[in-house]
Amino acid sequence: MNPTIVLLGGDGIGPEVVAEAVKVLTAVGARFGHGFRYEPRLIGGASIDDDGMPLADETLAVCKESHAVILGAVGGPKWDGLPGALRPEKGLLALRKGLGLWANLRPVTVHPLLTDRSPLKAERLENVDLLFVRELTGGVYFGEKRRDETARGARAFDALTYEEYEIERVVRLAFRLAGQRKNKVTSVDKANVLETSRLWREVADRVAREHAAVTLEHQLVDSCAMRLLTHASSFDVVVTENMFGDILTDEGAALVGSLGMMPSASLGDSSVGVYEPIHGSAPDIAGKGIANPLGTVLSVAMMLRHSLALHDEALAVEAAVDAAVREGVLTADLARTHARSTSEVGSYVARRILESGAAYS
Ligand code: NAD
């Protein structure tokens, strides 16, 4: 297989962690006999500096023609003063919209050797292995926005709408993924208050009837937020709408306690997905060679699985990351004693993959 992978390093530590992802992917290619073709492009502040736009049309076109996109992060103080439409984050939104990415997947797992990095007690983190499936292109973030004046002052309006098909496709994805995991879907809503949530429930119930092997439970978003802190191990796949997902996935990240370890995937109708760590561009540590590359490397594992259907290759990457944690080959955010550089951690993971079997010639 010779897939084309677009590399959007972006800003700050983005290019540093993407470089390690490429190192790891190249090792996967050598180990399993694939010739990955890389197409490096600019996004975010780096693209603004280059041609004034956070995402060039040509870059989006190359992404559409590719098999998958690996993204670092965008943004930084240099571009904070720019008007809204020209800010680095607009590049991300344009990419998601341009590729029609309507689902965001964020796995939350806590490595047993890293439980002390979490603000929660270790016993609350035992067996935590859940997957958030967040709707990404609908809901209140995309609804009509308005402001007007009333006799009592300003009034603001954000419309929250969902169409049935938008709910159905993301719930179906959640059921399919649960079928490959522990066969349980928790659908999160606010059905006691919101009409969109009542529609969400109806659709989830209908999809559930087609998946007899998967159990569906409904949970209100407020109690879900609490259960994440008290019984996170009771979740398998959690599917929810855009804004609830935005908030709950960050709570999930806090649970793990290490931003640098967490991957994500954004998927849509085509097989082209965008794979990125959940952290930002970390301007405070950019250029120092100390950023943790493992969130990006684990995003590569998600890419191998979801966009390329290379399941053994994905497992090999995850096993090599596990080895890095067990051997303590970690950057300063996680290391107990001798912290390694970004590049050392990436090289270690790549070497473990190559050593896991004879390389193809
Ligand atoms: P951030 O995630 O960049 O950093 C938060 C803290 O975590 C910092 O102390 C940083 O040093 C640390 N950190 C983050 N990633 C790390 C890694 N891989 N290894 C070690 N430490 C790591 O969040 P922020 O500081 O709020 O935002 C910085 C910039 O990133 C802003 O411009 C923001 O808009 C942008 N941002 C971009 C994305 C994205 O591109 N998807 C996401 C979040 C924030």
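Given the structure is predicted, the values throughout are model-derived calculations rather than measurements.

*Asks:* Got a minute to help me understand the overall build of the chain in this structure?
*Replies:* Looking only at helices and strands, the chain has 12 helices and 12 strands in total. The C-alpha radius of gyration computed for the chain amounts to 21 Å, which stays within 12% of the reference 21 Å derived for 361 residues, consistent with globular compactness. Its C-alpha atoms give the chain principal-axis dimensions of roughly 65 × 50 × 40 Å. Counting every position in the chain, which comprises 361 residues, the buried fraction comes to 52%. Across the chain, contacts joining residues at least 24 apart in sequence account for 77% of those joining residues at least 6 apart. Carbon and sulfur atoms provide 53% of the accessible area of the chain, an area that totals close to 15900 Å².

*Asks:* Help me understand the site of the ligand, please; the structure alone is not making it clear to me.
*Replies:* In the vicinity of the ligand lie 19 residues, with Val 74, Gly 280, Ala 282, Asp 284 and Asn 292 positioned nearest. Contacts to the ligand include Ser 281, whose backbone N or O atom sits 3.0 Å from an oxygen atom. Asp 284 has a polar side-chain atom sitting 2.9 Å from an oxygen atom of the ligand. Notes on the ligand: free accessible area 810 Å², of which the protein chains cover 66%. Per-class residue counts for the shell around the ligand are 9 nonpolar, 7 polar and 3 charged.

*Asks:* What is the right way to look at the pairing of strand 12 (residues 273-277) in this model?
*Replies:* Remember that side chains alternate between the two faces of the sheet whenever the strand is regular. Among the 5 residues that make up strand 12, 5 are buried, leaving the element largely enclosed by the rest of the structure. Taking every second residue as pointing to the same face, both faces of strand 12 are buried, with Gly 273, Tyr 275 and Pro 277 on one and Val 274 and Glu 276 on the other. Looking at chain direction, strand 3 (residues 68-73) and strand 12 are connected through 3 bridges and run parallel. Bridge pairing in strand 12 places Val 69 opposite Val 274. Sheet analysis places strand 11 (residues 263-268) next to strand 12, joined by 4 bridges and oriented antiparallel. For Pro 263, the partnering residue across the bridge sits in strand 12 and is Pro 277. Hairpin connection from strand 11 to strand 12: 4 residues lie between these consecutive antiparallel strands.

*Asks:* Any chance you could explain the packing of helix 1 (residues 14-32) against helix 10 (residues 294-306) here in plain terms?
*Replies:* Two numbers describe a pair of packed helices, the interaxial angle and the distance between the axes. Contact pair helix 1 / helix 10: the axes reach a minimum separation of 8 Å and the direction vectors enclose 45 degrees. As judged from the angle between their axes, helix 1 and helix 10 are oblique. The two elements helix 1 and helix 10 meet at a crossing, and its hand is right-handed. Each of Val 17, Val 18, Glu 20, Ala 21, Val 24, Leu 25 and Val 28 in helix 1 lies in contact with helix 10, whose residues at this interface are Thr 296, Val 297, Val 300, Met 303 and Leu 304. Of the residues that constitute the contact of helix 1 with helix 10, the class distribution is 10 nonpolar, 1 polar and 1 charged.

*Asks:* Explanation requested: the packing of aromatic side chains in the structure shown.
*Replies:* On inspection of all chains with the given rule, the structure shows 1 aromatic pair. For the pair Tyr 162 and Trp 200, a centre-to-centre distance of 5.6 Å together with 75 degrees between the ring planes defines the contact as edge-to-face. Of the two residues, Tyr 162 is situated in the loop between strand 7 (153-158) and helix 6 (164-179) and Trp 200 in helix 7 (residues 195-209); the sequence distance between them amounts to 38 residues. Side by side, Tyr 162 and Trp 200 carry an identical accessibility label, which is buried. Over the ring of Phe 32 we find Arg 31; its NZ or CZ atom is 4.4 Å from the centre of that ring. Directly above the aromatic system of Phe 235 lies the positively charged group of Arg 227, at a separation of 4.0 Å from the ring centroid.

Reading the values: rules and limits
Residues numbered from 1 in each chain as written. Predicted model: local features only at pLDDT ≥ 70, side-chain atom pairs only at ≥ 80, totals over all residues. Heavy atoms only, no water. Helix = DSSP H or I, 4+ residues; strand = E, 2+ residues; numbered from the N terminus. Rg over C-alpha atoms; globule rule 2.2 N^0.38 Å. Buried < 20%, exposed > 50% of the residue type's maximum accessible area, 1.4 Å probe, protein only. Contact = heavy atoms within 4.5 Å. Areas by Shrake-Rupley, 256 points an atom, 1.4 Å probe, with all protein chains shown as cover. Near = heavy atom within 4 Å. Polar contact = N/O pair within 3.5 Å; in protein donor to acceptor, adjacent residues only side chain to side chain. Nonpolar A, V, L, I, M, F, W, Y, C, P; charged D, E, K, R; others polar. Pairing = 2+ DSSP bridges. Axes fitted to C-alpha atoms, helices over the stretch in contact; angles between N-to-C directions. Parallel < 35°, antiparallel > 145°, perpendicular 65-115°, else oblique. Left-handed = near helix turned anticlockwise from the far one by under 90°. Phe/Tyr/Trp six-rings, centres within 6.5 Å; stacked < 30°, edge-to-face > 60°. Lys NZ or Arg CZ within 6 Å of the ring centre and 35° of its normal.

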